[in-house]
Amino acid sequence: MGYLSLTDADREEMLAAIGVSSVDELFEQIPRGVRFERELEVEPALTEGEIVRLFEDLAARNAHTGVELSFLGAGIYDHYVPAVVDVVLSRGELLTAYTPYQPEMSQGVLQAIFEYQTAICELTGMDVSNASGYDGCTVAADAAYIARHATGRSKVVLAETLNPMVRQVVKTYAPGFGLEIVEVPHDRGVVDPDRLAKAAVDAAAVIFQQPNAFGCLEPAPDLAAAASDAGALPVAHVDLVSLGLLEAPGAYGCAIAVGEGQSAGNPLSYGGPHYGFLAARNEFIRRMPGRIVGQTVDAAGKRGYVLTLQTREQHIRREKATSNMTTNQTLLALAGLAHLSWLGPRGLVEVGETCMALAEHAKARLQDGGLELVFPDQATFKEFAIRVGRPARDVVRAARERGVHPGYAIGRDYEGMDDVLLVALTEKRTVADVERLAEVLAEVC
Amino acid sequence: MGYLSLTDADREEMLAAIGVSSVDELFEQIPRGVRFERELEVEPALTEGEIVRLFEDLAARNAHTGVELSFLGAGIYDHYVPAVVDVVLSRGELLTAYTPYQPEMSQGVLQAIFEYQTAICELTGMDVSNASGYDGCTVAADAAYIARHATGRSKVVLAETLNPMVRQVVKTYAPGFGLEIVEVPHDRGVVDPDRLAKAAVDAAAVIFQQPNAFGCLEPAPDLAAAASDAGALPVAHVDLVSLGLLEAPGAYGCAIAVGEGQSAGNPLSYGGPHYGFLAARNEFIRRMPGRIVGQTVDAAGKRGYVLTLQTREQHIRREKATSNMTTNQTLLALAGLAHLSWLGPRGLVEVGETCMALAEHAKARLQDGGLELVFPDQATFKEFAIRVGRPARDVVRAARERGVHPGYAIGRDYEGMDDVLLVALTEKRTVADVERLAEVLAEVC
Amino acid sequence: MELIFERSRQGRRAGRPPQPDLPVPEVPAELRRKRPPRLPEVAEPELVRHFTALADRTFGIDTGFYPLGSCTMKHNPRVNERVVALPGFRDLHPHQEDEGAQGALELCWRLQQWLTEIAGLPAVTLQPAAGSQGELTGLMLMRAYFADRGEGDRRDTIVTADTAHGTNPASVTLAGYRLEKVATDARGNLDLADLREKVTERTAGLMLTNPSTLGLFDEGIEEVASIFHSRGALLYYDGANLNAIVGRSRPGDMGFDIVHYNLHKTFSQPHGGGGPGGGPVAVRETLEPFLPSPTVVRDGDRFRLDFDRPRSIGRVRGFAGPFGVFVRAYAFMLAYGPALREMSDVAVLNANYLLARLRDAYELPYDRHCMHEFVLSARALKRDHGVSALDVAKRLMDFGIHPPTIYFPLVVPEALMIEPTETEPKERLDAFVDAMHRIAREAADAPELLREAPHHRPVRRLDEVGAAKRPVVRYDFGERPQTVEAEA
Amino acid sequence: MELIFERSRQGRRAGRPPQPDLPVPEVPAELRRKRPPRLPEVAEPELVRHFTALADRTFGIDTGFYPLGSCTMKHNPRVNERVVALPGFRDLHPHQEDEGAQGALELCWRLQQWLTEIAGLPAVTLQPAAGSQGELTGLMLMRAYFADRGEGDRRDTIVTADTAHGTNPASVTLAGYRLEKVATDARGNLDLADLREKVTERTAGLMLTNPSTLGLFDEGIEEVASIFHSRGALLYYDGANLNAIVGRSRPGDMGFDIVHYNLHKTFSQPHGGGGPGGGPVAVRETLEPFLPSPTVVRDGDRFRLDFDRPRSIGRVRGFAGPFGVFVRAYAFMLAYGPALREMSDVAVLNANYLLARLRDAYELPYDRHCMHEFVLSARALKRDHGVSALDVAKRLMDFGIHPPTIYFPLVVPEALMIEPTETEPKERLDAFVDAMHRIAREAADAPELLREAPHHRPVRRLDEVGAAKRPVVRYDFGERPQTVEAEA
Ligand SMILES: Cc1ncc(COP(=O)(O)O)c(C=O)c1O
Ligand SMILES: Cc1ncc(COP(=O)(O)O)c(C=O)c1O
């Protein structure tokens, strides 16, 4: 077995040192009744080359973005992941280190997390970021938990335009967290601040998404204000890639900003592993879940970095901890840092502009083709909802036969939208790609 | 431009320090008459994402081994390259270091080359190996050059069963080297030692290949003896992957062993970059071309490694150098070291056995299908020549339409073999693959 | 070393996105960003050097021995990184129709087969993102199960061991349960007398790691199971220590009803400085209806995501789970095949070898053979020489060895929790033994050498207390550092 | 650090090839290997650690500043490594039919278009494996050209500059030519008077680097060209310094008839501790028929290898050349497009900035603006403080900087040949300047600090003389090391 190093001679010496005659003897502490005596009934072992060939065969049965022109988004986006990210992910030390409990062994990864936290704070306009959460769904639940304990209130308001999957996860967590969930419907694709204001009364938090699940731009500042006025914490669920162009949640009064980090640095990989980010205003720093890296000095006064505020965490605080998180998504978050550093401030703006320009172009082009926008009077960022005149799932099936995945059939999540496609444009798409989409939709709609 | 770091401010400061007002001024040393004043007429610049997409499109127009079941060999073989090789190639320090002229900065790469040299000496049974040559062709010319000066003779005998490309390169070099090339025809697929003995009279070297260009096993020890008896240096052109099973050239009296290293550690990559290896008996150490790493000690008596015997080399010896080589193929050779270390002695034997077993199986299976071996009475290793009853190039064309590349149409290189396919089997092929080959050949022959 | 923000120079850049020849729409003024984010401005060459330098200041398994107890720091096979990067996996969108993701779904399904056989339980969800989330998921399943039986209100308590990892009690609280702790007996097993008292009609279930965080298999596990089951309660298995027993014993056979796996421990994932992970959960038939939605199911030769799960607790994470983690875990399993038991056998052999060679130099609180890890105490060093487990840990760094887990489990004072894993060769174990013996001698002869350690790292010992007092958690761009007041 | 062979333990292994259920044929006894090769026996975990440790003991461009003159150590863009690994390139067999390799052939053809435009010459072969082989190929082309004209026997001499890189004279000998050297004048140009004498009816041609290895553009190049052409001789351009003039001047326009490119220098390849490289050769129409076979040609929208070249010199390497090198070079070019001149402009700016800041601390033998590199002399340090260029180089290591090329070109005593390349930011240049100034001061104040340098590397200064006296060129497996007698 190529992952194991003991020779027969090694084994003999070691057994002798232990004072047993066989490895079996070491397992005698397992009561007879619960010993597993037969061989595992599993697939046969493969050599490395055979593993690669099997996985190539499995991979070949997936319609990835290299073989299908895809306009899928709905929370996970096909942005270009630069090659510098490969450098980070292929450095064995970063790849094979674990949580930096021993800072003197891990200054590199600690500094990298500190840099990631700084980037997230800059983008969201917040004071503190953790080292990552599981994904864009669980960080929303984390935010609700912070709000519940910060306000002592139990009601949490979710905008109906918050990604459906995110809402589902918050609802799953709600009973344990002692939360009561209220949802606010949208009006013409966005949330009405007045409606939200009513719902926010006695609420711990209001969670909305910008750009929202239809791709529309919410009146975010008004929503945040409505929440604050009701004494509820405004929580914005945002897309990092949009924050070169769209205002930072911190700048319009949000208490907490969360989101799915995948757009920055992570490939699609069928949904994971990715990372969720969570950043907040200073006052919530001691309620933050997960790891936080802080700056300090060593015995010689030299700058260094450590895991800090660990009294929040399960390994110290146990049942009183702010969260039970141990393993997080650091490697994916560092990929995000690399991507964001590669873009820089101008690159981030340009990605946003390209996505927006292509989306506007696609809207116009598809409308020329006779299709109708669902929310014609809302501004959008990189994604929009459009009616295709027949069941969207059938349109998807027909378009895929032509090598194009035209978008997400959102009827799965929203009433009365069975004929709606959610179409996403990233900077990887081109004007020619939009042409192709228009042609195919013309054929199949 | 993402590869350049100077800001406008930097440029101003630097121009000021230099005392010029513009970069143009620095180029005024170029005589007016030979200045290039227009813009280069080349393709427009692409962003990184666009480069990737363009290259994906170009790559998609190549029938690689992932999309076509291939039995091509004839010098370059589709062996499995293990993932540990990726570790070596993805370490930035190894990737971006150059020739270790300054040993204290480069102990890692120097030690790695020393390890590579050791592995090559072990496999070939030789005393000294250089740090790599360009490929399996040029190292044969290098060997001829060594022999010419070691023996003072100018005739070099090439077995007709030596890879045709290798022979072509030796012939190209011959005029400059002052060599007269003589070729010895084969008898029933291998070289007859008596014939060779006659040709070897007054020769500087005899170069033969084991296994040879038809895949047949030469009577290598007898060929070496015939050469030695005539006072010519026996030079064996060998396949590293075969040397777990086949005798080491050093063990049957060869003076020099050379070969194409690709089989160990390098992907096919349409012919390169790969590496040639060259190893010799001690007496030729000061005639070796290229880099050689030697062990030494530092000022504190600690073991270390340096480039050694540099008095052989062009940067010291200039027109009297043993070679003009500067840049070599070290990175590819280190990939070979990683692959060979991954295999170990048992793995190397097993790869050989698997290749041989599959080749024997394929011979039998294709003969059952009515095809005829060209050299039925010769033993082979991983490759064999078989008659397909019609022009082999047509067979290749027809088989490729069925997703199988059945082998190399060797008629291109040898008279009267237009109906012959050279079929190669590596450990990546399976019994099922052989079935598929047999089916397809049955259809198209 | 400089922060990436300190390398930044205005006007530099590495990446440039394509800019199609299209009008750029205006963002509505009230939504437009006013102040650009101060992301670093660096060209590619320095960007690469920066991350290379960060890696050089990080110790990983690839660097050397990393016996961090409870974390199973085993070698990460490189072929796993190769296969996870296949475009068919890497570039597959999670909203792709099932027909367009058959290979991915089949891989998930095959992984489930392995997991059920290993745990001895029939149904699995791959959705949880890590062990901790697996725990929470498991407790939600208990809640749903008892609610379904009308016992939801009554059963409000979860029992955990006093040796439990911090995530266990934390998960109990987050799941809305009361916590009850049970003591450990002299042999390191659950104290059955104490347990009998604490399991009542209010008890929803037990959360247990077996082998425990002491690295000891609970010899009374059958009795423990019957105590809970006889009172209608459930047993939850924290799979963090599964590396000890694969192919040797199965949680399902021990009587556990719910199990989480830490794919990133037992089945080797790059830990990446803290993650990613994967925490699938397996259950008995009776609990299957409550598993998160969607599940991966097989119909004949087709595979699909099943969203039609009316009694499900719902979703705990996006999509079907961290797929890339599944790819690596499945590749890892295939490299062993039915011989996967070898993995646990060697892990246990390596641990017992270290135990045997270190028991005289350090205190061994529970004198038994261990499983895949064991816990020593530096109490004597503390008492006799004023040298703590922390000092021993810091001194180990000077020998190029990552320290073990320290001060955990809490039941052992000055604890050193050592887990070598199966992938270490004997030479590495011996080098560790030599270092530990030398450190024990140094504690007597030159204690300050330990107290001032490490001596040969990029930084000296770091001030963690100061860091928590006035937290600086992001770069201040030259302004006054960000701080908050210390806790009372 | 241990050798991989010293980590070996009998019975260990990492890789295992598939073993089909087939009989294994016997190798004929007289051909069968008797003694198994002593390859290392190591499992994957230690194998990965070994190569990781080797990398950690190697300084690359990714580690820091690497101003190794004449080698153009520029940043290696990472996207190039990504595209070269595409299966369509990586797993393409070189014997694949042209119809099955259209993408690869088109890439080669497009690269040729770039190269011809850059050199100002119409025809290119991509076959040569490196610059040195390009030189040899170029000389073979001259031989064929003159043979074809019936002047083959008469023209037996090649002229090179006394500043020439060692490969030039070496190539002349290997190509079977006589060598004639021409002197350098006070401004660093070829001495025209000397040249006129040395160019005779026996002269086949000139080999020249321009800018020269002094980093100076030959101001008399037009006259030089006419001297050779008027005598029917040819001019060969050694392209190693092309990084200085891309888009600023073209060898073809200067009058050169044959040019080699060092793709791995000008167009950025990972140097990999010594290679790989690529040395394409471009020529005038008159020489095109003699180019190596095969060439890559275009017929309408199809691309093919052309083997039908009756007057070709033949092959100089296998297949069409080092394809992977072409993929990276072409990707590099596309990142710049028509603005590729920027590359040379910044390379020249960086070099002149260093020159301006260092000229007072070290001697500048030729007082002119330089091109992409320049040569300083440590002669004064040697004379005044007994400190050599070698000592300066070794001391630089202690500042985390790779030394420049030293003792070359030969016309400058105690030469320090400095080439920063275009990819270095100003901070790195300034750090180098500071180190060089400090070292100049140390030479006066504490010369032993230099003579004993380096002080902060994994090894102290190494004994190269001893290594050559009794060469140990492979591991002895514990037996007596392999030695040969020293040269007289
Ligand atoms: C005993 C134990 N339980 C639970 C956990 C939590 O698992 P994870 O880190 O995957 O969330 C850990 C991991 O640290 C552990 O060691
Ligand atoms: C001036 C000069 N000419 C020729 C060469 C040889 O080129 P290569 O190393 O590609 O063989 C070099 C490279 O070292 C060089 O610097």
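Here, residues in each chain are numbered from 1, in the same order as that chain's written sequence. Each chain gets a letter, beginning with A, and each ligand a number, beginning with 1, in the order they are written. At least 70 in pLDDT is required for a residue's local features to be given in this predicted model, at least 80 for side-chain atom pairs to be given and counted, and no such filter applies to totals for whole chains, interfaces and linings, which use all residues. Side-chain numbers here rest on the full set of heavy atoms in the structure, without hydrogens or water.

## Some remarks on the overall build of chain A
Stated formally: To qualify as a helix, a DSSP run of H or I must reach at least 4 residues; to qualify as a strand, a run of E must reach at least 2; elements of each kind are numbered from the N terminus. Accessible area is worked out with a 1.4 Å probe on protein chains only. A residue is then buried under 20% of its type maximum, exposed over 50%, and partly exposed in between. Any pair of residues with heavy atoms lying within 4.5 Å of one another is described as a contacting pair. Each accessible area is a Shrake-Rupley result for a 1.4 Å probe, and residues are judged covered by the shown protein chains and nothing else. Positive charges come from Lys and Arg, negative ones from Asp and Glu, while His and the chain ends are left out of the count. Where a charge lies is defined by one atom per residue type, namely NZ (Lys), CZ (Arg), CG (Asp) and CD (Glu).
When its secondary structure is counted, chain A shows 14 helices and 15 strands. Oriented by its inertia axes, the alpha-carbon framework of chain A measures out at about 80 × 50 × 50 Å. Here chain A, with 445 residues, has 69% of them falling under the buried criterion. Within chain A, counting contacts between residues at least 6 apart in sequence, those at least 24 apart form 71% of the total. Looking at chain A as shown, the accessible area adds up to about 12500 Å², and 48% of this sits on carbon and sulfur atoms. With 39 positive and 60 negative side-chain charges, chain A shows a separation of 4 Å between the mean positions of the two kinds.

## So, the side chain of Asp391(D)
Turning to its location among the elements, Asp391(D) is positioned in helix α14 (residues 389-397). Once residues within four sequence positions are removed from consideration, Asp391(D) is found in contact with Gly386(D), Leu450(D), Arg451(D) and Arg461(D).

## Quick notes on the site of ligand 1
Applicable threshold: Only heavy atoms are used to decide nearness, and a residue is near a molecule or strand if one of them lies within 4 Å of it. We call two N or O atoms a polar contact when they sit within 3.5 Å, provided that within protein one can donate a hydrogen and the other can accept it, with sequence-adjacent residues counted only if both atoms are side-chain atoms. Just so you know the grouping, Ala, Val, Leu, Ile, Met, Phe, Trp, Tyr, Cys and Pro go in nonpolar, Asp, Glu, Lys and Arg go in charged, and all remaining residues, Gly too, go in polar.
Neighbouring ligand 1 are 15 residues, the closest being Thr327(A), Ser70(C), Ser132(C), Asp238(C) and Lys265(C). In this structure, ligand 1 sits where chains A and C come together, each supplying nearby residues. The contact in question runs from an oxygen atom of ligand 1 to an N or O atom on the side chain of Ser70(C), over 2.5 Å. Taking His165(C), its side chain carries an N or O atom lying 3.5 Å from an oxygen atom of ligand 1. Elements that contribute at least two residues to the shell around ligand 1 include exactly α5 (131-148) and α10 (263-266) of chain C. Residues that form the shell around ligand 1 fall into these classes: three nonpolar, nine polar and three charged.

## Structural notes on the site of ligand 2
Taken together, 15 residues form the shell around ligand 2, and within it Thr327(B), Ser70(D), Ser132(D), Asp238(D) and Lys265(D) come nearest. Taken together, the residues near ligand 2 originate from chains B and D. At 2.8 Å, a backbone N or O of Gly131(D) approaches an oxygen atom of ligand 2. Here His165(D) contributes a side-chain N or O atom positioned 3.5 Å from an oxygen atom of ligand 2. Bound to the protein, ligand 2 loses 100% of the 390 Å² it would expose on its own. Elements supplying a minimum of two residues to the shell around ligand 2: α5 (131-148) and α10 (263-266) of chain D. The residue makeup of the shell around ligand 2, split by class, is three nonpolar, nine polar and three charged.

## Brief notes about the pattern of salt bridges
We apply this condition: Salt bridge criterion: a side-chain nitrogen from Lys or Arg within 4 Å of a carboxyl oxygen from Asp or Glu.
Throughout the structure, instances matching the rule amount to 162 salt bridges over all chains. The closest approach of N and O atoms between Arg317(C) and Asp135(A), which form a salt bridge, is 3.9 Å. Here Arg317(C) is found in the loop between β9 (302-306) and α11 (323-336), whereas its partner Asp135(A) is found in the loop between β2 (128-129) and α7 (138-151) on a different chain. Comparing Arg317(C) with Asp135(A), the two get one shared label, buried. As a salt-bridge pair, Glu151(C) and Arg155(C) come within 2.5 Å of each other at their nearest N and O atoms. The network of salt bridges with shared partners includes Arg91(A), Glu93(A), Arg91(B), Glu93(B), Asp56(C) and Asp56(D).

## Points about helix α15 (residues 426-445) of chain D
Here is the rule we go by: Here the expected span of a helix is defined as 1.5 Å times the quantity of residues minus one.
Between its first and last C-alpha, α15(D) extends 28 Å over 20 residues, near the 28 Å set by a 1.5 Å rise per residue. Lys426(D), Leu429(D), Asp430(D), Phe432(D), Val433(D), Ala435(D), Met436(D), Ile439(D), Ala440(D), Glu442(D) and Ala443(D) are the residues of α15(D) that are buried. For α15(D), the elements touching its buried residues are α1 (8-18) of chain B together with α12 (341-358), α13 (379-385), α14, β12 (415-418) and α16 (447-451) of chain D.

## Remarks on the packing of aromatic side chains
Basically, it comes down to this: Put simply, two rings from Phe, Tyr or Trp (the six-membered ring, in Trp's case) pair if the centres are within 6.5 Å, and we call them stacked under 30 degrees between planes, edge-to-face over 60, tilted for the rest. Sitting over a ring, as applied to charges here, requires NZ of Lys or CZ of Arg to be within 6 Å of the ring centre and within 35 degrees of the ring normal.
Here the structure, examined in full by the defined rule, presents 48 aromatic pairs over all chains. Measuring from centroid to centroid gives 6.0 Å for Tyr3(A) and Phe332(C), while their planes differ by 20 degrees, and the two rings are stacked. With one member in each of two chains, Tyr3(A) in the segment before α1 (8-18) and Phe332(C) in helix α11 form a pair that bridges those chains. With respect to burial, Tyr3(A) and Phe332(C) carry one shared label: buried. These aromatic residues form a ring-pair network of at least three members: Phe55(A), Tyr270(A), Phe89(C), Phe323(C) and Tyr330(C). Directly above the ring of Tyr77(B) sits Lys382(B), whose terminal nitrogen or CZ lies 3.8 Å from the centroid. The ring of Trp109(C) is capped by Arg298(C), whose NZ or CZ atom sits 4.7 Å from the centre of that ring.

## A short note on the interface of chain B and chain C
For an interface, size is often stated in terms of accessible area lost upon the parts coming together. The following threshold applies: Accessible surface is computed with a 1.4 Å probe, and the buried area is the amount of it that two parts give up when combined, taken over both parts together.
At the junction of the two partners, chain B supplies 19 residues and chain C supplies 16 residues. Each partner contributes to the roughly 1200 Å² buried at the junction of chain B and chain C, and carbon and sulfur atoms together form 48% of this total. Contact with chain C buries area across many residues of chain B, yet Gly2(B), Ser5(B) and Thr47(B) alone supply 32% of it, more than any other trio. Taken together, chain B and chain C are joined by two salt bridges. Linking Arg82(C) and Asp86(B) is a salt bridge whose minimum nitrogen-to-oxygen distance equals 2.9 Å. In this structure, the connection of chain B to chain C is made through seven residue pairs in polar contact (both at pLDDT 80 or more). The set of elements that each furnish at least two residues to the side of chain B that touches chain C consists of α3 (48-60) and α4 (84-90) of chain B.

## Some thoughts on the sheet that holds strand β15 (residues 420-424) of chain B
Residues and elements named next belong to chain B. To be explicit about the condition: Strands are treated as partners if at least two bridges between them are detected by DSSP. Here an angle of 0 to 180 degrees is reported between the N-to-C directions of two axes, which are lines fitted to C-alpha atoms, with helices fitted over the stretch in contact.
Ordered by their spatial adjacency, four strands build an open sheet running β11-β12-β15-β14, and the pairing between neighbours is antiparallel. Strands with a single pairing partner mark the edges of an open sheet, and in this sheet they are β11 (372-373) and β14 (408-409). Sitting on the sheet, helix α12 (residues 330-368) touches β11 and β12 (383-387), and the angle it makes with β12 is about 10 degrees. Against the sheet, helix α13 (residues 392-401) contacts β14 and β15, and its axis sits at roughly 50 degrees relative to β15.

## Let's talk about unusual backbone geometry
Residues and elements named next belong to chain D. A cis amide bond, omega 20 degrees, links Gly-275 with the succeeding residue Pro-276. Within the secondary structure, Pro-276 sits in the loop between α10 and β7 (281-283). The peptide bond linking Ala-453 to Pro-454 adopts the cis configuration, its omega dihedral lying at 0 degrees. Mapping Pro-454 onto the fold places it in the loop between α16 and α17 (464-469).

## A look at the sheet that holds strand β4 (residues 180-184) of chain B
Residue and element names in this part refer to chain B. Strand order in the open sheet made by the seven strands is β2-β8-β7-β6-β5-β3-β4, with mixed pairing throughout. Edge strands, defined here as strands with exactly one partner in the open sheet, are β2 (128-129) and β4. As paired strands, strand β5 (residues 203-210) and strand β6 (residues 233-238) are joined by six bridges and run parallel to one another. Bridge pairing in β6 places Val-206 opposite Pro-234. Contacts from helix α8 (residues 164-177) reach β3 (155-159), β4 and β6, with the element oriented near 155 degrees to β4.

## A short note on the confidence of the model for chain C
Residues and elements named next belong to chain C. Rules: Known as pLDDT, the predictor's per-residue confidence is scaled from 0 to 100.
Residues with a pLDDT of 70 or more make up 98% of chain C, whose mean pLDDT is 96. Here residues 481-488 is a poorly scored stretch, pLDDT under 50, and it has 24 contacts once near neighbours within four places are set aside; other chains count. In the predicted assembly, ipTM is 0.97 and pTM is 0.98.

## Focus on the packing of helix α3 (residues 48-60) of chain A against helix α4 (residues 102-119) of chain C
In plain terms, the rule: Convention used here: angles under 35 degrees read as roughly parallel, angles over 145 as roughly antiparallel, angles from 65 to 115 as roughly perpendicular, and any remaining angle as oblique.
Where α3(A) meets α4(C), the closest approach of the two axes is 6 Å, and the angle between their N-to-C directions is 130 degrees. Taken together, the axes of α3(A) and α4(C) lie oblique to each other. Contacts between α3(A) and α4(C) involve Leu54(A), Phe55(A) and Leu58(A) from the first element and Gly103(C), Glu106(C), Leu107(C) and Arg110(C) from the second.

## Observations regarding the environment of Met417(D)
All names here are of chain D. Tracing the backbone shows Met-417 in strand β12. With 42 residues separating them along the chain, Met-417 and Val-375 place their C-alpha atoms 4.4 Å apart. What Met-417 contacts, discounting residues up to four positions off in sequence, is Pro-67, Leu-68, Gly-69, Ser-70, Thr-213, Glu-373, Phe-374, Val-375, Pro-404, Thr-405, Phe-408 and Pro-409.

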